[in-house]
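Reading the structure
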Amino acid sequence: MSATPQPGAKVSEREARQVAEAAREQDWRKPSFAKELFLGRFRLDLIHPHPLPPDEDARRGEEFLARLRDFCETKIDSARIEREAQIPDETIHGLKELGALGMKIDTKYGGLGLTQVYYNKSLALIGSASPALGALLSAHQSIGVPQPLKMFGTQEQKDAFLPRCARTDISAFLLTEPDVGSDPARLATTAVPDGDEYVLDGVKLWTTNGVVADLLVVMARVPKSQDHKGGITAFVVEAAADGITVENRNAFMGLRGIENGVTRFHQVRVPAANRIGPEGAGLKIALTTLNTGRLSLPAMCVGAGKWSLKIAREWSAAREQWGKPVAFHEAVGAKISFIAATTFALEAVVDLSSQMADEDRNDIRIEAALAKLYGSEMGCLIADELVQIRGGRGFETAASLAARGERAVPAEQVLRDLRINRIFEGSTEIMHLLIAREAVDAHLSVAGDLIDPDKSLSDKAKAGAKAGGFYARWLPKLVAGPGQLPRSYAEFHPQGHPDLSGHLRYVERASRKLARSTFYAMSRWQGRMETKQGFLGRIVDIGAELFAMSATCVRAELLRTTEDYGREAYQLADTFCRQARIRADELFDRLWTNTDDLDQLVVKGVLGGTYTWLEQGVVDPSGEGPWIADATPGASARENVHRPIR
C-alpha cells in the first residue's frame, strides 16, 4: 500500500491517481446502460419502455411545482438579484416557508420527499427565474448536508440535522482549496483527533452557500496514527463554530447573487459524532453523493433551454429583415432548430437519468456524469445561439434594453450564468477523464495488471490468461448486431411518424465501433492510454451523443403513447438524432485524424518561451499578486463576512 500523501507536500502523478482510484466505487452491482454502451452492447431494454414515476409521487410533485411556479412568478425579482448581486433575505424566507429547502428530504424529517424527477423539474423552474437561486438550492440539497447524510449518515445524525436542513438551515459543501481543485491527493485542511473531538485547520475556496450557511460538510485530512486510520474524511460542522471565518464573498462573471466565499478554519473543534462515515471515506462519500447530485446542473440547463426556445420563437417571429421574419431565413432557422431539438434531448437525458435514479434498478454513475457533461456543454451552445439570434440586443443587458423602452430580455445574462456549469462539480476536462475511467473499467479489471509497471511477471502472466478469456468472448460480439438488420427496433417507426428506428440502429452500430476503437487504442498505447486525454475526451463525447440519441428516441415514443403531441415529439427527436449523428461521425474521424501530437509540441514551446515574441504589442491589465493565494493555516486577520439568514 502506498504512503498517504501529506498535506502541503508535493504529490506525484501516480500518488494522485492512487488517491482518486481508492475513492471510486469499485464494483458494479447493478446494470448500467451507459457502461454497456461503451462496451459495444446496446441494452435498449434497460431504458425502454421509458420508466415512469408512481402516480402518487407524480401528484405530489405536480402540486409542489404549481406552488413553486406561483412563487417564481410573484415573489422573485430576478432583475433585482442581478442588479444588487444578492438574493433578498425575504426571498429566501419565502423559499423556506414553501419547503423548498427540503425538496429531497424525507417527510419524516420535515421535508417534501420529492423524487429526483420532480426535484430536478423544480430546479429547472426556479433556475429559469433566477440561476442564483437554483444554485443555492442545488448546493444545499444535492451536495450539501442532506444528501451525504441520507446515504451515509447515522440515525442520530439524520435526526439531528435533517429537520434543520428541511426548513431553516442552509448547508454548503467544502472540498476545494486555493491550491487543490480536482486533485484531492493534495488536500491540506487537517482534522487532528483530540479525545472525542477533531480539531480542523485549513482554508477552503469557492464555498457555494458558505457565506450564508448554517451547516457545512467539510472534507479534511485526518493524520494516520496508531488509533486512527486517517485519510480524507467528511464532517458536519456548525458554520457559527468558534474559529470559522468567512474571509471573502467572491464575485463572478455570472450567478451574481451566489453566496460563494473563502472559509478559514483555525482550531475549530468538531465532535467525533459529526464525522460522516469512517475515517478515510470522505472522497468516496463525495463521489457517491455526486452520482445523482450532478443531475441538478443539467436540470437547470434544461430550464435555460426552454426559456431560450421561447425567446427565440417570439423574437424571430417579430423581427423582420428583407421582407420576412428572421426565423424564415435559413441561417437563423438552423439555430432555432438546434435550440428546439437540443432542448428536447437535454430534457430526455435528465428525465430518464432521474427516473432511473429514483427506481434504483440501475447504476447511473456514468449516466449522471454524461448528463452533466452534455447538459453543460450544450446549454452553453444554446445560450450562445440565442445571443446570436438576438444580435446586438443579445449582447445588451436587460436593464439597458428596458431603459430605452424595449423588452428586458436577459439573454447575455443567461450566457454568463450558464458558463460556470462547464466548471462546477467537475470541469468538462475532468468529466471526460472520470467517465473514460468508468467506461474502460471492464478492460482494466481483466487486463490492468498487464500494463501496471509495479506488477510482477507472474501477476502479468495471470492477467494475460484472464484477459485472453475475456476478449475471446467479447471481441467476436463486436462484429455484427441488430443495427445491421433493417427491421430492428421497428416499434420506433409507427405509421405516420418520422422513422426513429434507423437512429437506434445507428446507435447500436456506433456502440460496437466505439468499443472496437477503445480496444484498439488500449492495445496501441497500453500504459500510456491515460495520457491520451484528447482521444479519451472524444470517446466520451461520442458516448454522450449516443446516450442522448437513445434517451431522445425513448422519450419520443413515450410521448407518442401518452400525449397528444407525439408526432411533434418524433419530429424533434428525428431532427436531434440527425444533428447528433453528424457530430458523432466527426468525432469518430477525429479519433485518428487530429493535431494532438502537434498541440503538445506547441505547448512545450509556449511554456519554454519559444513564442514570447507573439505576445508583444499588448499591455497586461492584470493586477499584482500571486497566482494562488496563501492558504497557510492560522488565525484569520480578516473580517468575518458570514451572514446567516434568520
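Anyway, here's the lowdown on the structure attached to this text. (Residues numbered from 1 in each chain as written. Predicted model: local features only at pLDDT ≥ 70, side-chain atom pairs only at ≥ 80, totals over all residues. Heavy atoms only, no water.)

Turning to the overall build of the protein, a few remarks are in order. Helices and strands together make up the secondary structure of the protein, namely 23 helices and 10 strands. For the protein, whose C-alpha radius of gyration is 25 Å, the value lies close to the compact-globule estimate of 26 Å for 646 residues. Along the first, second and third principal axes, the C-alpha set of the protein runs to 75 × 70 × 65 Å. Counting all 646 residues of the protein, 54% fall into the buried class. Across the protein, the fraction of contacts at a sequence separation of at least 24, relative to all contacts at a separation of at least 6, is 76%. Put simply, the protein shows about 29,500 Å² of open surface, and 54% of that area lies on carbon and sulfur atoms. One finds the centroid of the 80 positive side-chain charges in the protein at a distance of 4 Å from the centroid of its 85 negative side-chain charges. (Helix = DSSP H or I, 4+ residues; strand = E, 2+ residues; numbered from the N terminus. Rg over C-alpha atoms; globule rule 2.2 N^0.38 Å. Buried < 20%, exposed > 50% of the residue type's maximum accessible area, 1.4 Å probe, protein only. Contact = heavy atoms within 4.5 Å. Areas by Shrake-Rupley, 256 points an atom, 1.4 Å probe, with all protein chains shown as cover. Lys, Arg positive; Asp, Glu negative; His and termini not counted. Charge placed at Lys NZ, Arg CZ, Asp CG, Glu CD.)

Before going further, it helps to examine a nonpolar patch on the surface. A cluster of nonpolar side chains, V602, V603, V606, L607, Y611, W613 and L614, forms an exposed patch at the surface whose accessible area comes to about 720 Å². Counting through the fold element by element, V602 comes out in helix α23 (residues 596–607). Residue classification places V602 among the partly exposed positions, given a relative accessible area of 41%. (Patch = residues over 30% accessible without salt bridge, like charges linked within 9 Å, V, L, I, M, F, W, Y side chains within 5 Å. Salt bridge = Lys/Arg side-chain N within 4 Å of Asp/Glu carboxyl O.)

Turning to its location among the elements, F252 is positioned in the loop between β6 (244–249) and β7 (260–271). Along the sequence, F252 and A331 sit 79 residues apart, while their C-alpha atoms lie 33 Å from each other. In this structure, F252 is in contact with W206, I258 and N260, ignoring residues within four places of it in sequence.

Close contact between helix α3 (residues 55–75) and helix α5 (residues 89–98) brings their axes to 11 Å; oriented N to C, the two are set at 165°. The angle between α3 and α5 falls in the class roughly antiparallel. Considering only the axes of α3 and α5, their crossing is right-handed. Here α3 contributes F64, R67, L68, F71 and K75 to the contact with α5, which in turn contributes T91, G94, L95 and L98. Tallied by class, residues from the contact of α3 with α5 come to five nonpolar, two polar and two charged. (Axes fitted to C-alpha atoms, helices over the stretch in contact; angles between N-to-C directions. Parallel < 35°, antiparallel > 145°, perpendicular 65-115°, else oblique. Left-handed = near helix turned anticlockwise from the far one by under 90°. Nonpolar A, V, L, I, M, F, W, Y, C, P; charged D, E, K, R; others polar.)

The next subject is the nonpolar core. Counting residues in each nonpolar core, the largest one holds 86 residues, and the members touching the most others are L370, F492, L546 and F576. Those elements that provide at least two residues to this core are α2 (33–38), α11 (296–318), α12 (330–359), α13 (365–390), α17 (428–439), α20 (501–525), α21 (533–562) and α22 (566–592). The element best represented in this core is α21, accounting for 15 residues. Other than its neighbours up to four places away in sequence, F492 contacts L44, H48, P498, D499, L500, S501, L504, C553, V554, E557 and Y570. (Core = buried A, V, L, I, M, F, W, Y, C linked by side-chain atoms within 4.5 Å.)

Here we take up the layout of surface pockets. The volume enclosed by the second largest pocket comes to roughly 1,400 Å³. In terms of lining residues, the second largest pocket is bounded by 44 residues, among which K121, V302, K306, E347 and R555 are the most central. For the lining of the second largest pocket, the secondary-structure elements that each account for two or more residues are α3, α6 (116–129), α11, α12, α21 and α22. Of the residues contributing to the lining of the second largest pocket, the split by class is 24 nonpolar, eight polar and 12 charged. (1 Å grid on protein atoms, 1.4 Å probe; cavity = no way out; pocket = protein on both sides within 12 Å on 5 of 7 lines; lining within 4 Å. Points joined across faces, edges and corners; volume = space filled by probe spheres on them.)

Attention shifts here to the pairing of strand β1 (residues 171–174). By the alternation rule, side chains of β1 split into S171 and F173 and A172 and L174, which are all buried. As judged from the four bridges shared by β1 and strand β4 (residues 215–222), these two strands associate in the parallel manner. By the bridge assignment for β4, S171 is matched with L215. (Pairing = 2+ DSSP bridges.)

Going through the model one piece at a time under the given rule, you end up with two cavities of 30 Å³ or more. Every residue along the wall of the largest cavity is listed here: S78, I81, E82, A129, S130, P131, A132, L255, R256, G257, Q413 and D417. Elements that contribute at least two residues to the lining of the largest cavity include exactly α4 (78–84), α7 (131–143) and α16 (411–419). If you tally residues by element for the lining of the largest cavity, the top one is α4, at three residues. Across the lining of the largest cavity, the residue classes break down as five nonpolar, four polar and three charged. Size it by volume and the second largest cavity reaches roughly 50 Å³. Around the second largest cavity, the lining residues are F38, A439, V440, T518, M529, F535, L536 and I539.

What describes a pair of aromatic rings is the distance from one ring centre to the other and the angle between the planes of the rings. According to the stated counting rule, one finds 13 aromatic pairs in the structure shown. Ring plane angle 45° and centroid distance 6.1 Å describe the contact between F33 and F547, whose orientation is recorded as tilted. Remark: F547 occurs in helix α21 and F33 occurs in helix α2; sequence separation between them is 514 residues. Assessed through its relative accessible area of 0%, F33 is described here as buried. Centroid distance F535 to W592: 5.1 Å. Interplanar angle 50°. Geometry classified as tilted. Taken as a pair, F535 in helix α21 and W592 in helix α22 lie far apart in primary sequence, 57 residues in all. Classification of W592 as partly exposed rests on a relative accessible area of 36%. Across the ring face of W315, the terminal group of R390 is positioned such that the distance to the ring centre comes to 4.7 Å. Positioned over the ring face of F588 is K513, at 4.4 Å from the centre of the ring. (Phe/Tyr/Trp six-rings, centres within 6.5 Å; stacked < 30°, edge-to-face > 60°. Lys NZ or Arg CZ within 6 Å of the ring centre and 35° of its normal.)

All right, on to helix α19 (residues 457–474) then. Here α19 spans 25 Å end to end across 18 residues, near enough to the 26 Å set by a 1.5 Å rise per residue. Among all positions in α19, only A463, A467, F470, Y471 and W474 are buried. Buried residues of α19, seen end-on, are gathered within an arc of 90° and therefore sit on one face of the element. Opposite the packed face of α19, turned more than 90 degrees from it, sit the exposed residues L457, A461, K462, A465, A472 and R473. Residues of α19 that are buried sit in contact with α18 (441–447) and α20. (Expected span 1.5 Å × (residues − 1). Arc of directions from axis to C-beta.)

The next thing to look at is the pattern of salt bridges. Two side chains with opposite charge may pair up if their charged atoms get near one another. Using the criterion set out here, one finds 45 salt bridges in the structure. With its nearest N and O atoms 2.7 Å apart, the salt bridge here joins E259 to R249. Of this pair, E259 sits in the loop between β6 and β7 while R249 sits in strand β6, and the two are 10 residues apart along the sequence. Between R404 and E406 there is a salt bridge, and its shortest N-O distance comes to 3.1 Å.

It is worth spelling out the environment of P410 at this point. As for its position among the elements, P410 is in the loop between α15 (398–403) and α16. When the C-alpha positions of P410 and A357 are compared, they lie 33 Å apart, and in sequence the two are 53 residues distant. The contacts of P410, once residues within four sequence positions are left out, are W307 and A398.

With that settled, consider unusual backbone geometry. For residues other than glycine, phi is negative in most cases, and the peptide bonds are mostly trans. Looking along the chain, the bond that leaves H48 and enters P49 is cis, with omega of 0°. Located in the positive-phi region is A85, a residue other than glycine, with phi close to 55°. Mapped onto the secondary structure, A85 falls in the loop between α4 and α5. For Y489, which is not glycine, the phi torsion reads 60° and is therefore positive. You can see Y489 is positioned in the loop between α19 and α20. We classify Y489 as buried; its relative accessible area is 14%.

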